[in-house]
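Notes for the structure review
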Amino acid sequence: MEIKRAVQAGTMQSSDLMVFIEPADELEIEIESTVKKQFEHLIRAQIEAALETFAICSGRIRVNDRGALDYAIAARLETGLRRACS
Amino acid sequence: MVVRLISERDQNSARQLVEAQGFRFEENFDVLVGVFDAGELIATAAREGHIFKMICIREDFQGGSLLGELLTELIASCSACRRDNFFVFTKPERRSSFEQLNFRVLVEHPQLCLLEYGNGLQNYLRQQRELVRPGNNGAIVMNANPFTLGHLYLVEQAAAQVDQLYLFVVREDCSTFPFATRIALVREGVAHLANVSVLETSDYAVSRVTFPAYFLKAGADVETLQMEVDLLLFARCLAPAFNITTRFVGTEPYCRVTRHYNETMIRLLAEEGIKTVLLSRREVKGEPISASLVRRLLKKEAFEELDSLVPETTLACLRSHQAAEIHERLRAQGRH
């Protein structure tokens, strides 16, 4: 699928995350997190898995996380990607 | 639940809440949101462009999740506008509430704190990475509306005193000449100077990310504070990234605000270890060259006089058909 428009999903609450997705020529991933030091690699893995599921190879994905659990990350990404591709 | 405050009645409640906390209610905002409890407004916040303001939560509801809820709604209201980053000004004692929400401090001032949400500054610096040079470098921030021989003189003088000179062209598009034209004319005008780099200021110098006046009690010196924030941002975020040790500025014979800015600059940058060098303006027929003079002559279409005030590159643009729109704008308006 293809990212067609700029969208946002999620909230700024604790244990949640905010996802910003927009079209771009290349794939860009930005991660900001209160627990970046400990969990950046896991958040990145979640993003990469979601991108693979949706077969997306270009776009700008920004995640601003406040300690969300992995299923919350997966859900927010899926919502964001579905919105961006629709 | 966070709702948009649209009716006059709701906006009046917001005004009361904001004023009860000792702030001023500002009429200019894009979106105003709030939270009600038992029919009463207990929290409000507004967004103007990518600046959050008037964030007020009634005391007995502070410390919970309301701040995050308000800001979430404000960001959602902006999802179509493709912003990289958002800014908020707050009191120094409230900075940690925003830091917990992943805001990052840009400037700390005794009276206020400027924070950013998102990686705007880092992305901006990363985009300019190729321009970074070691050494004792200098900087000039200019609007160049449009680029004149006065600017060129300033640039040549400054470039001779430093290893690398950075020309920051103000990106904010509220001048007669659009940003794209202004920066193009600067680039063409300094192309012959090997140690000069031209770049845009983004949000980080002389931008609309200035201090909202509501934050201050009436009578406080908003203008000075605004300048101080701008200069601290330059000193702490831009200067270190480009090894800038000197800032150059032209003497200001006309504009009071600019002169005040220059005075504040000398004082404040010295405290941050950056030298300010004032360069006197180049004069033609006993009158300092200024962009406002150029705009006045352009309005009269006095091209023969413009000849001695602007470099050939700028003159070519002023004479070209793309300047038609600028002529139109000049006729329609006053100073800028």
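In this report, the structure presented in the accompanying data block is examined.

Calculation rules
- Counting of residues starts from 1 at the beginning of each chain's written sequence and follows it residue by residue.
- Written order determines the labels here, with chains lettered from A and ligands numbered from 1.
- Whole-chain, interface and lining totals are the exception, using all residues; otherwise, since this is a predicted model, local features are given only for residues with pLDDT of at least 70 and side-chain atom pairs are given and counted only at 80 or more.
- Excluded from the side-chain calculation are hydrogens and water; included are all heavy atoms of the structure.
- Under the DSSP-based scheme used, a helix requires at least four consecutive residues in state H or I and a strand at least two consecutive residues in state E, with every element numbered from the N terminus.
- Atoms counted for the radius of gyration: C-alpha only. Globule rule: 2.2 Å times residue count to the power 0.38.
- Burial here depends on accessible area, computed with a 1.4 Å probe over protein chains only, as a share of the maximum for the residue type. Under 20% is buried, over 50% is exposed, and the range in between is partly exposed.
- Any two residues whose heavy atoms approach within 4.5 Å are treated as being in contact.
- When a carboxyl oxygen of Asp or Glu is within 4 Å of a side-chain nitrogen of Lys or Arg, the pair counts as a salt bridge.
- Between N or O atoms, a polar contact is any pair within 3.5 Å; within protein, one atom must be a potential hydrogen donor and the other a potential acceptor, and residues adjacent in sequence are included only when both atoms are from side chains.
- For this scheme, ten residues count as nonpolar: Ala, Val, Leu, Ile, Met, Phe, Trp, Tyr, Cys and Pro. Four count as charged, namely Asp, Glu, Lys and Arg, and the remainder, Gly too, count as polar.
- Orientation is described by lines fitted to C-alpha atoms, with helices fitted over the stretch in contact, and by angles between N-to-C directions that extend from 0 to 180 degrees.
- When describing relative orientation, an angle under 35 degrees is termed roughly parallel and one over 145 degrees roughly antiparallel, while 65 to 115 degrees is termed roughly perpendicular and anything else oblique.
- In this analysis, strands are considered paired if DSSP registers two or more bridges between them.
- Two rings from Phe, Tyr or Trp (for Trp, the six-membered ring) form a pair when their centres are within 6.5 Å of each other. A pair whose planes differ by under 30 degrees is stacked, one over 60 is edge-to-face, and the rest are tilted.
- A crossover counts as right-handed when, viewed with the strands pointing away from the observer, the path leading from the first strand over the helix to the second turns clockwise.

Within chain A, the regular secondary structure consists of two helices and four strands. Compactness check: chain A gives a C-alpha radius of gyration of 12 Å against a globular reference of 12 Å for 86 residues, within 12% of the reference. Projected onto its principal axes, the C-alpha coordinates of chain A cover approximately 30 × 20 × 20 Å. When burial is assessed residue by residue, chain A has 49% of its 86 residues classed as buried. Sequence separation of 24 or more characterises 72% of the internal contacts of chain A that already satisfy a separation of 6 or more.

The next subject is the interface of chain A and chain B. Every contact between the two is made by 19 residues of chain A and, on the other side, 20 residues of chain B. Counting across the chain A and chain B interface gives one salt bridge. Joining chain A to chain B, the criterion identifies 10 residue pairs in polar contact (both at pLDDT 80 or more). If you tally residues by element for the side of chain A that touches chain B, the top one is strand 4 (residues 59-65) of chain A, at four residues. Residue classes in the side of chain A that touches chain B are distributed as five nonpolar, seven polar and seven charged.

Residues and elements named next belong to chain B. In the contact formed by helix 9 (residues 291-300) and helix 12 (residues 324-332), the axes pass within 9 Å of each other and the chain directions differ by 100°. As the angle between them shows, helix 9 and helix 12 are arranged roughly perpendicular. Residues R295, L298 and K299 of helix 9 touch helix 12, and the partners they reach there are I326, H327, L330 and R331. Class assignment of the residues belonging to the contact of helix 9 with helix 12 gives a composition of three nonpolar, one polar and three charged.

This next bit is on the sheet that holds strand 2 (residues 17-22) of chain A. Residue and element names in this part refer to chain A. Read across the open sheet, the four strands follow the order 1-2-4-3; overall the sheet is mixed. Because the sheet does not close on itself, it has two edges, and the strands there are strand 1 (7-10) and strand 3 (27-33). On average, each strand axis in the sheet is tilted by 10° relative to the strand beside it, whichever way the strands run. Across seven bridges, strand 3 lies against strand 4 in parallel orientation. Across the sheet, the residue bridging to E28 is R60, located in strand 4. Sheet contacts for helix 1 (residues 36-53): strand 3 and strand 4; angle to strand 3, the most-contacted strand, approximately 145°.

Moving on: the sheet that holds strand 1 (residues 2-4) of chain B. All names here are of chain B. If you walk across this open sheet you meet the seven strands as 1-2-3-4-5-7-6, and the pairing is mixed. Two strands in the sheet have a free side with no partner beyond their single neighbour: strand 1 and strand 6 (103-108). Direction aside, neighbouring strands of the sheet carry axes that sit 30° apart on average. Sitting on the sheet, helix 7 (residues 222-238) touches strand 5 (86-90), strand 6 and strand 7 (113-117), and the angle it makes with strand 6 is about 110°.

Residue and element names in this part refer to chain B. Following the criterion strictly, the structure yields 10 aromatic pairs over all chains and no others. Between F87 and Y204 the ring centres are 6.1 Å apart and the planes differ by 65°, which places this aromatic pair in the edge-to-face class. Note that F87 is positioned in strand 5 and Y204 in the loop between strand 10 (196-200) and helix 7, a separation of 117 residues in sequence. Its relative accessible area of 1% is what places F87 among the buried residues.

Residues and elements named next belong to chain B. Of all five residues making up strand 9 (residues 165-169), five are buried, and the element is well covered by its neighbours. Strand direction decides the pairing type here: strand 8 (residues 137-142) and strand 9, joined by five bridges, are parallel. Considered in strand 9, the bridge of V141 is made with F168. Since strand 8 and strand 9 lie parallel, the crossover through helix 5 (residues 149-159) that links them has a hand, and here it is right-handed. Between strand 9 and its parallel partner strand 10, the chain crosses via helix 6 (residues 179-189), and the hand of that crossover is right-handed.

Worth remembering: the numbers are spatial, not functional.
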